[in-house]
Amino acid sequence: MSCDSKNFKKSALNYTEACRYLVGGVNSPVRAYRGVDTKPLFIASAKGSKIYDIDGNEFIDYVGSWGTAILGHAHPKVLKAINDAVKKGTSFGAPTAAETELAKKIIAAFKSIEKLRLVSSGTEAVMTAIRLARGYTGRDLIVKMAGCYHGHSDSLLATAGSGLAEQAMPSSAGVPEPIAKLTVVIPYNNIEAVKTALKKFNGQVAAVLVEPVAANMGVIPPADGYLQALRNLCDENKALLIFDEVITGFRIAAGGAQQLFNIEADITCLGKVIGAGLPLAAFGARADIMDMLAPVGKVYQAGTLSGNPIATAAANAALDLLIKNDCFKQLEATSASLESSLARAAGQANIPITINRVGSIMSCFFTDKPVRNLEDVQATNIGQFKKFFSKMLQQGIYLAPSAYEAIFVSFAHTTEDIEKTTKAAQKAFLSLKND
Ligand SMILES: *Cc1c(COP(=O)(O)O)cnc(C)c1O
């Protein structure tokens, strides 16, 4: 392992240049590294568990393109599928057999899905899922949990009002208040808040939307019985339960959180992993719900690049690899070993941390308290996270540049990777202690 002096000169120069032409130098905000008070790395390439910047530095990558690279970067079978598809043309705007093949695989993995629609991003999947829920129920309100991220559609850029279950305020400029008000934002892992919301807005809630394992405020598993209680409350109130499994689908199990916790959602949103690094996402549900969608039903949705042949080929290849029996056991073992070594390293340095992990997603929170919702995350020591991030980066470990993002473990991470990461973490925790 190299010493503590990586050179990021070319990245810095490119960033300066990029800032003149791209807003903030990036095409998605978290990439700007503002969450860690530094400048972003510019990437040259990635392969397996490693990512390489344009200064020639090698890193063990725990971002994995925000979870899309569960097989590791540039998996040969995925690349071959992409290459084969490219030769036949890049987009037809007409149906292909490969889309049906992909739908069959997803439907086989999710008991709750009978029909599917392919789209190009997680944002689009969730945006349409709530439109579908509104069309199906004839109701307008959506209940959402604070700290859960569902993409950047207007209705979901909403933040809690002052009470326990109030109509929300916009969390972004440009979102009209009347639109934010159609969303009710309540704390995650809080059943009483769901009950309050459904009672207060009796007969008006189209859907309760949740990340069944929250992974966009760091990783927060559902409390015991939480998902089942959501299921029951939705049934009692005739609201639909939407699981945003854009991160968890085909990651914490082939059938996502629904398989792991044995709960069925009404509508499921998928993205990230299923696209294998290409722009592909999906939402699916029972046939009677999905048949509300155009061209069969009256809820409109369309996409020029939906089911794009290259993205679909990559997805088919990736899912074939992921669906194989028992493949998630290896990932669980690697992830468990990373969790226990991080815990040990922090313990040795006397740095209090709380690790939340579900399968191959985890978070190392700088706190000695349990982390169960957004408020708990906000109370952690974010300053310590920033220092930890920098110390790890200097030692060749690429963590997400924000305390609110997960550590993503992939099939490509080796025992050697975990050992190197552990050594780096030992040093990083010790240096925090001495700060
Ligand atoms: C990333 C993410 C989205 C948005 O997906 P994009 O492809 O970035 O639009 C939605 N929901 C969850 C849970 C996500 O993690």
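Higher on the page you've got the structure.
What you are looking at is a predicted structure, and each value in this text was computed from that prediction instead of being measured.

Q: What exactly am I supposed to notice about the overall build of the protein here?
A: Of the regular secondary structure elements, the protein holds 15 helices and 16 strands. Dimensions along the principal axes, computed over C-alpha positions, put the protein at roughly 60 × 55 × 45 Å. Counting only residues that meet the buried cut, the protein has 54% of its 435 residues in that class. Partitioning the intrachain contacts of the protein with sequence separation of at least 6 by distance along the chain shows that 72% fall at a separation of at least 24. Summing over all exposed atoms, the protein offers an accessible surface of approximately 18,800 Å²; the carbon and sulfur share of this is 53%. The protein carries 45 positive and 39 negative side-chain charges, and their two centres are separated by 3 Å.

Q: Even after reading the chapter, I still don't get unusual backbone geometry, so can you show me in this structure?
A: Most peptide bonds adopt trans geometry, and most residues besides glycine take a negative phi value. The omega torsion of the bond from Ala294 to Pro295 falls at 10°, within 30 degrees of zero and hence cis. Examined against the element boundaries, Pro295 turns out to sit in the loop between α10 (287-290) and α11 (309-323). You will see that Ala74, though not glycine, has its phi angle at about 50°, which is positive. For Asn189, which is not glycine, the phi dihedral falls at a positive 65°. Take Asn189: it is sitting in the loop between β8 (183-186) and α7 (191-200). Here Asn189 falls in the buried class, since its relative accessible area comes to 18%.

Q: Would you explain the side chain of Asn308 in this entry?
A: Looking at the element boundaries, Asn308 is found in the loop between α10 and α11. A residue is classified by how much of its surface remains accessible, and Asn308, at 15% relative accessible area, is buried. A polar atom in the side chain of Asn308 sits 2.9 Å from the backbone nitrogen of Ile310. In contact with Asn308, other than residues within four places in its own chain, are Thr90 and Ser91.

Q: Before we go on, may I ask you to explain the site of the ligand in this structure?
A: Lining the immediate environment of the ligand, one finds Ser121, Gly122, Thr123, Tyr149, His150, Gly151, Glu211, Asn216, Asp244, Val246, Ile247 and Lys272. Here Thr123 contributes a side-chain N or O atom positioned 2.6 Å from an oxygen atom of the ligand. At 2.6 Å, a side-chain N or O of Lys272 approaches an oxygen atom of the ligand. When isolated, the ligand has an accessible area of 380 Å², and the protein chains bury 83% of it. Here the residues of the shell around the ligand sort into 3 nonpolar, 6 polar and 3 charged.

Q: Help me understand the pattern of salt bridges, please; the structure alone is not making it clear to me.
A: Pairs may arise between side chains of opposite charge once their charged atoms sit close together. For the structure on display, the rule yields 18 salt bridges. Between Glu192 and Lys195 there is a salt bridge, and its shortest N-O distance comes to 3.6 Å. Here Lys195 and Glu192 lie together in helix α7, a separation of 3 residues that amounts to about one turn. Under the relative-accessibility criterion, Glu192 is labelled partly exposed at 48%. Given a relative accessible area of 39%, Lys195 falls into the partly exposed group. Across the salt bridge formed by Asp376 and Arg372, the nearest N and O atoms sit 3.1 Å from each other. Asp376 gets classed as buried once you look at its relative accessible area, which sits at 17%. Judged by relative accessible area, Arg372 falls into the partly exposed class, the value being 46%.

Q: Where do I start with the layout of surface pockets in this structure?
A: If a probe the size of a water molecule is rolled over the atoms, the empty space left behind becomes visible. What the second largest pocket holds in volume is close to 530 Å³. Along the walls of the second largest pocket sit 21 residues, with Glu99, Arg117, Leu118, Ser306 and Gly307 positioned nearest its centre. When contributions to the lining of the second largest pocket are tallied by element, the ones reaching two or more residues are α4 (97-109) and β4 (115-119). Along the lines of polarity and charge, the residues of the lining of the second largest pocket split into 9 nonpolar, 10 polar and 2 charged.

Q: Before we go on, may I ask you to explain the environment of Ala265 in this structure?
A: Residue position: Ala265 is located in the loop between α9 (256-261) and β11 (267-270). For Ala265, a relative accessible area of 5% translates into the label buried. Put simply, Ala265 and Pro212 are 53 residues apart on the chain and 9.6 Å apart in space, counted from C-alpha to C-alpha. Setting aside chain neighbours within four positions, we find Ala265 in contact with Ser112, Arg231, Leu241, Phe243 and Gln258.

Q: Hey, could you run me through the side chain of Ser112 in this one?
A: Secondary-structure assignment places Ser112 in the loop between α4 and β4. By relative accessible area, which is 4% here, Ser112 ends up buried. In this view, Ser112 contacts Gln258, Glu264, Ala265, Thr268, Ala285 and Arg286; residues no more than four positions away in its chain are not counted.

About the cut-offs
Residues numbered from 1 in each chain as written. Predicted model: local features only at pLDDT ≥ 70, side-chain atom pairs only at ≥ 80, totals over all residues. Heavy atoms only, no water. Helix = DSSP H or I, 4+ residues; strand = E, 2+ residues; numbered from the N terminus. Buried < 20%, exposed > 50% of the residue type's maximum accessible area, 1.4 Å probe, protein only. Contact = heavy atoms within 4.5 Å. Areas by Shrake-Rupley, 256 points an atom, 1.4 Å probe, with all protein chains shown as cover. Lys, Arg positive; Asp, Glu negative; His and termini not counted. Charge placed at Lys NZ, Arg CZ, Asp CG, Glu CD. Polar contact = N/O pair within 3.5 Å; in protein donor to acceptor, adjacent residues only side chain to side chain. Near = heavy atom within 4 Å. Nonpolar A, V, L, I, M, F, W, Y, C, P; charged D, E, K, R; others polar. Salt bridge = Lys/Arg side-chain N within 4 Å of Asp/Glu carboxyl O. 1 Å grid on protein atoms, 1.4 Å probe; cavity = no way out; pocket = protein on both sides within 12 Å on 5 of 7 lines; lining within 4 Å. Points joined across faces, edges and corners; volume = space filled by probe spheres on them.

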